[in-house]
Amino acid sequence: MTEQTYWRPTAPAEAEIEIKNSRFIAYLEPVSDLQQADRAKERIRQLHPNARHHCWAQIVSTPDDVHGAGSSDDGEPGGTAGRPMLAVLSGKPAGYLMVMVVRYFGGIKLGTGGLVRAYSGAVRAVFDVTEWRQCLPMQRLQLTMSYSQHQSVLHLLGQHMGEVVDSDFSQHVVLQVQLPQDHAMDFIDQLEELGAGSIELKKLD
């Protein structure tokens, strides 16, 4: 669960820079899971089968979740492509995206520092043309309550900018809700007062 506001792309984007005759073409793809990221990489590789390198970085999660982050130098000297690209993603901070930079070698070696600047520069270039939306850090909860408590809980949830994302009405009312994380502790405290301990709460994130 993220502790900070982050940025998420709303559509794919593409940008190109040229350094000493080498072309660096950056593709940014919004992704929601690892499988979608892998499909995007393969699609871009097929667009550029003759390119020398297909380097990538991704954060398929919120920016502070290290399990969603990854990168590849794809044959470039270690640490000169994937990690600098990932650093740009983390620095925005951005989430749920994959960026691949395709390089066509121009015959002039750039050196370690030159490669780092080129790959990170290509990511910044595609960031400049990407459409973004700002995402608030959210807390997801599951609430189990009686039918008589349902409307009061909905009213309290609305006061804390929350919303119901799923519901089940059987023996009890079970709601899955989400609300901004900076409201979560106050909401939970007030929920306990409202139900006098009778409303069951489970954190889902």
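Quick caveat: nothing in here was measured; it's all calculated off a predicted structure.

(A) Molecular detail of the nonpolar core. One finds Leu 89, Leu 97, Val 99, Val 101 and Phe 127 to be the most contacted residues of the largest nonpolar core, which totals 28 residues. For this core, the element with the highest residue contribution is helix α3 (residues 111-128), accounting for eight residues. Residues in contact with Leu 97, not counting those within four places in the same chain, are Pro 9, Leu 28, Glu 29, Pro 30, Val 31, Ala 57, Gln 58, Ile 59, Leu 89, Phe 127 and Trp 132. Membership of the second largest hydrophobic core comes to 14 residues, among which are Val 153, Leu 157, Val 173 and Phe 187.

(B) Broad picture of the pattern of salt bridges. This structure, assessed with the given rule, holds five salt bridges. Lys 41 is the salt-bridge partner of Asp 38, the closest N and O atoms lying 3.2 Å from each other. Highlighted residues: Asp 38 and Lys 41, both in helix α1 (residues 34-47), separated by three residues, approximately one helical turn. A relative accessible area of 44% means that Asp 38 is categorised as partly exposed. The exposure class of Lys 41 is buried, given its relative accessible area of 4%. Of the charged contacts, one joins Arg 45 and Glu 42 as a salt bridge, the two residues approaching to 3.8 Å between their closest N and O atoms. Of this pair, Arg 45 and Glu 42 are both found in helix α1, three residues apart, which corresponds to roughly one turn of the helix. Judged by its relative accessible area of 38%, Glu 42 is partly exposed.

(C) Summary view of the environment of Gln 151. Looking at the element boundaries, Gln 151 is found in helix α4 (residues 150-159). Owing to a relative accessible area of 57%, Gln 151 belongs among the exposed residues under this scheme. Measuring from C-alpha to C-alpha, the distance between Gln 151 and Ala 94 comes to 37 Å, with 57 residues separating the pair along the chain.

(D) Expanded view of the packing of helix α2 (residues 82-91) against α3. Contact geometry of α2 with α3 gives a least axis separation of 8 Å together with a crossing angle of 35°. The interaxial crossing formed by α2 with α3 has right-handed handedness. Here Pro 84, Met 85, Val 88 and Leu 89 of α2 lie close against α3, whose contacting residues are Val 116, Tyr 119, Ser 120, Val 123, Arg 124 and Phe 127.

(E) Broad picture of the side chain of Gln 58. The residue Gln 58 is located in strand β4 (residues 53-59) in this model. Taking the relative accessible area as the measure of exposure, Gln 58 reaches 5% and is therefore buried. For Gln 58, the side chain forms a polar contact with the side chain of Lys 41, separated by 2.9 Å. In this structure, Gln 58 is in contact with Leu 34, Ala 37, Lys 41, Gly 68, Ala 69, Gly 70, Leu 86, Leu 89, Leu 97 and Met 98, ignoring residues within four places of it in sequence.

Rules used throughout
- Residues numbered from 1 in each chain as written.
- Predicted model: local features only at pLDDT ≥ 70, side-chain atom pairs only at ≥ 80, totals over all residues.
- Heavy atoms only, no water.
- Core = buried A, V, L, I, M, F, W, Y, C linked by side-chain atoms within 4.5 Å.
- Buried < 20%, exposed > 50% of the residue type's maximum accessible area, 1.4 Å probe, protein only.
- Helix = DSSP H or I, 4+ residues; strand = E, 2+ residues; numbered from the N terminus.
- Contact = heavy atoms within 4.5 Å.
- Salt bridge = Lys/Arg side-chain N within 4 Å of Asp/Glu carboxyl O.
- Axes fitted to C-alpha atoms, helices over the stretch in contact; angles between N-to-C directions.
- Left-handed = near helix turned anticlockwise from the far one by under 90°.
- Polar contact = N/O pair within 3.5 Å; in protein donor to acceptor, adjacent residues only side chain to side chain.

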